[in-house]
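Structural overview
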Amino acid sequence: MRYVIFALAIFSFVRCMADNARFRICAVDERTVIPLPEMKVKAVFVDRFLRWGNATVDHEIGGRTDMNGRYDAAGNTNCGKAGFCFRDNDGFYDTRFVWVPFEANGKPLPLFQRWQPDNQVVTVRLQRVEHPIPLCVKNVRPKVAPGTFDGTNAVLRYDLVLGDWLPPEGKGERADLEIQTKLTIDEVLQVGKYKDWKKTFFTFSNTVRFPGEGNGCCAEMTSPTAGIKLRVAPEDGYGNMTGIRQGTRKTMNGPNAYAKKFTDSDPSRCYYFRIRSRFDDKGNLVEAYYGKIYGDFNFHGHWSYGYQGVDFLYYLNPKSLDRNLEWDIKTNLCPTAGKHESQQP
């Protein structure tokens, strides 16, 4: 029995010494850069079961930052994967999960070594909750009526106020957003000995417009870990997008050709937009509605099926000339809001 206990003790000691990872988190106010004490933080260290493919188990530890806004996280991981997030801090937005980069290769570490580097310091700028208000919020999904398009050209129009496509795809009434798509077959390769064995490489060119004088959007590259990405819309600088492409490109592996998907869409790209602008006879803006789009437009389509639609997440302030876009997360004014996978301010 004592041999068993001794063996377990040795195993536990070796594991603690071999797989230890550590890093320091510094929390500061986004605007003042002053350290924030007593902020709740959760760190996660991951173990991978090498014999079970990608199966993993998370080891969570929680704590609070000290008087200097610092928190030292340490834990065991057999693959060098660890991260953290801030949650449930009064007056501040939650952060997205942040993975800390270690020199991990998926193999166990030699005895008595730690994952490197072991002196990493990650500074996080926590965002204060300032002026949250009710907004119209909707996660738009692809919706194309069967047989509407011939697979070459498509035009979709969306009513951002009612939250629906214009007919025949929906019951919208006014086109605040217009998407025009064109399919181009870039190359067709014959593969195999039969004529119907082909590989087709194609491009969908998608142009997004906000029709009307004074309307348009402006892009902003944002941090994927930010709690609130866009807060107050700018007064000017609105124009129409140049377009987003998606499709497949030819990649070679020796004599074999493969179709590799590509897209210009970027999840870090967000947009402010302005719609339904109206000016008086002196050129002054007297009516307009502001909004934002999180995570870019994501287009879907196949060369043989044709255009299959687009998805995007948008927020709209229904009060004319009010540029505040900080959502209170609990009050959705969209008449056809539907389900949201994630609640983001």
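Residues numbered from 1 in each chain as written. Predicted model: local features only at pLDDT ≥ 70, side-chain atom pairs only at ≥ 80, totals over all residues. Heavy atoms only, no water.

Notes on the nonpolar core
Operational definition: We define the nonpolar core as a collection of buried residues of types Ala, Val, Leu, Ile, Met, Phe, Trp, Tyr and Cys that are connected through side-chain atoms lying within 4.5 Å of one another. For every residue, the accessible area (1.4 Å probe, protein chains only) is compared with the maximum for its type, and the residue is labelled buried under 20%, exposed over 50%, or partly exposed between those bounds. Per the convention used, a helix needs a DSSP run of H or I reaching at least four residues, while a strand needs a run of E reaching at least two, with both numbered from the N terminus. Contacts are residue-level and defined by heavy atoms, with any inter-residue pair within 4.5 Å sufficient.
One finds Leu 160, Leu 177, Phe 210, Phe 273, Phe 297, Phe 312 and Tyr 314 to be the most contacted residues of the largest nonpolar core, which totals 31 residues. Those elements giving two or more residues to this core turn out to be strand 8 (133–140), strand 9 (153–159), strand 11 (177–190), strand 12 (198–209), strand 16 (269–279), strand 17 (285–302) and strand 18 (306–316). Here this core gets five residues from one element, more than from any other, and that element is strand 18. With near-sequence residues (within four places) excluded, Leu 160 lies in contact with Asp 176, Leu 177, Phe 210, Phe 273, Ile 275, Phe 312, Tyr 314 and Leu 316.

Here's the deal with the sheet that holds strand 17
The cut-off we apply is this: By the convention used here, strands pair only if DSSP detects at least 2 bridges between them. Convention adopted: a line fitted to C-alpha atoms gives each axis, helices being fitted over their contacting stretch, and angles between N-to-C directions are expressed from 0 to 180 degrees.
The six strands lie next to each other as 13-16-17-18-8-19, forming an open sheet whose pairing is mixed. In this open sheet, the two strands that pair with only one neighbour each are strand 13 (216–221) and strand 19 (327–332). When the angles between neighbouring strand axes are averaged without regard to direction, this sheet yields 35°. Sheet topology note: the strand 8/strand 18 ladder contains five bridges and is antiparallel. The partner of Cys 136 across the bridge, within strand 18, is Leu 316.

Examining the pattern of salt bridges
Quick reminder of the rule: Here a salt bridge means any side-chain nitrogen of Lys or Arg lying within 4 Å of a carboxyl oxygen belonging to Asp or Glu.
Enumeration according to the criterion identifies 16 salt bridges in this entry. A salt bridge links Asp 72 to Arg 24; its shortest N-O distance comes to 2.7 Å. Linking Asp 72 in strand 4 (residues 70–76) with Arg 24 in strand 1 (residues 20–29), this pair joins segments that are 48 residues apart in sequence. Residue classification places Arg 24 among the partly exposed residues on the basis of a relative accessible area of 29%.

Some words on the packing of aromatic side chains
Two aromatic rings are characterised by how far apart their centres lie and by the angle between their planes. Rule in force here: Each Phe, Tyr or Trp ring (for Trp, its six-membered ring) is paired with any other whose centre lies within 6.5 Å, and the angle between the two planes then decides the class: stacked below 30 degrees, edge-to-face above 60, tilted in between.
All told, the structure shown has 16 aromatic pairs when counted by the stated rule. Geometrically, the ring pair formed by Phe 23 and Phe 84 is tilted, given 6.0 Å between the ring centres and 35° between the ring planes. Note that Phe 23 is positioned in strand 1 and Phe 84 in strand 5 (residues 81–86), a separation of 61 residues in sequence. Residue class for Phe 23 comes out buried when judged on its relative accessible area of 3%. In this structure Phe 84 comes out as buried when scored by relative accessible area, which is 0%. Measuring from ring centre to ring centre gives 5.7 Å for Phe 210 and Phe 273, while their planes differ by 15°; the resulting arrangement is stacked.

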